[in-house]
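Spelled out from the first residue to the last, the chains are:
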Amino acid sequence: LARDLLRCESATQAVEMATRALDGSDYAGCNFVCADAYSAAVIHAGDWLRVRLLPPGIHVVANRDVNDASDPRVMHALNWLERRTFGCSQQVVVALEELCAQNGGDGPAICFRAANRGTVSSSIVAVRSPLSSGVYLHAQGPPDVTPYADYSHLLNDLFV
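Everything quoted here is computed from the prediction, not taken from an experiment.

**Student:** Residue-level account of the nonpolar core, with values.
**Tutor:** As a rule of thumb, nonpolar side chains are buried together in soluble globular proteins. Among the nonpolar cores identified, the biggest contains 14 residues, and L1, L5, L22, F32, C34 and I43 are the most heavily contacted of them. Taken together, the elements giving at least two residues each to this core come down to α2 (11–22), β1 (30–35) and β2 (40–45). If one sorts the elements of this core by residue count, α2 sits on top with six residues. Those residues within four positions of L22 in sequence are excluded, and the remaining contacts are L1, Y27, C30, F32, I43, A45 and L49.

Written as structure tokens, this is what we have:
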């Protein structure tokens, strides 16, 4: 589904496709963010399907609702990001690498470990137009100990 959504011509089209696909029982619970230069939305698919339109600005999605004020990790991430000034998307990517690797020092752990669960991997995607100029970084392990590898070339493979 994620690859199909990336092939959509607009965020609106992606939201419509995701809503149709997730309204049945073909997929387990998940969250999708669909955004372009004109609109953005989060699709929450779990016990029920909900689409939330996003105004311009910084938003954080974790396990529950977007910008969930009851989630200390989400609130920490929002505050941490809002205290910074970004001149370009590459600065945002670098900041996100730092944020995702935080394991508890000055706030709740973004990268956390518990007895029965924890952060097992992390991805950072910067979508640009054309998509082939975007950035896709992935840490196949907890990002506080696993460096991000650059898989941006895979964005080209979406159109092969």
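**Student:** Before we move on, can you summarise helix α4 (residues 89–100) with the specific residues and values?
**Tutor:** End to end, α4 covers 16 Å across 12 residues, agreeing with the expected 16 Å (1.5 Å per residue, within 8%). Within α4, burial applies to V93, A95, L99 and C100. Along the axis of α4, the buried positions cluster into a sector of 165°, meaning they face one direction only. Where the residues of α4 are buried, they touch α3 (72–82), β4 (122–126) and β5 (135–139).

Basis of the calculations
Residues numbered from 1 in each chain as written. Predicted model: local features only at pLDDT ≥ 70, side-chain atom pairs only at ≥ 80, totals over all residues. Heavy atoms only, no water. Core = buried A, V, L, I, M, F, W, Y, C linked by side-chain atoms within 4.5 Å. Buried < 20%, exposed > 50% of the residue type's maximum accessible area, 1.4 Å probe, protein only. Helix = DSSP H or I, 4+ residues; strand = E, 2+ residues; numbered from the N terminus. Contact = heavy atoms within 4.5 Å. Expected span 1.5 Å × (residues − 1). Arc of directions from axis to C-beta.

This is a description of form; function is not addressed.
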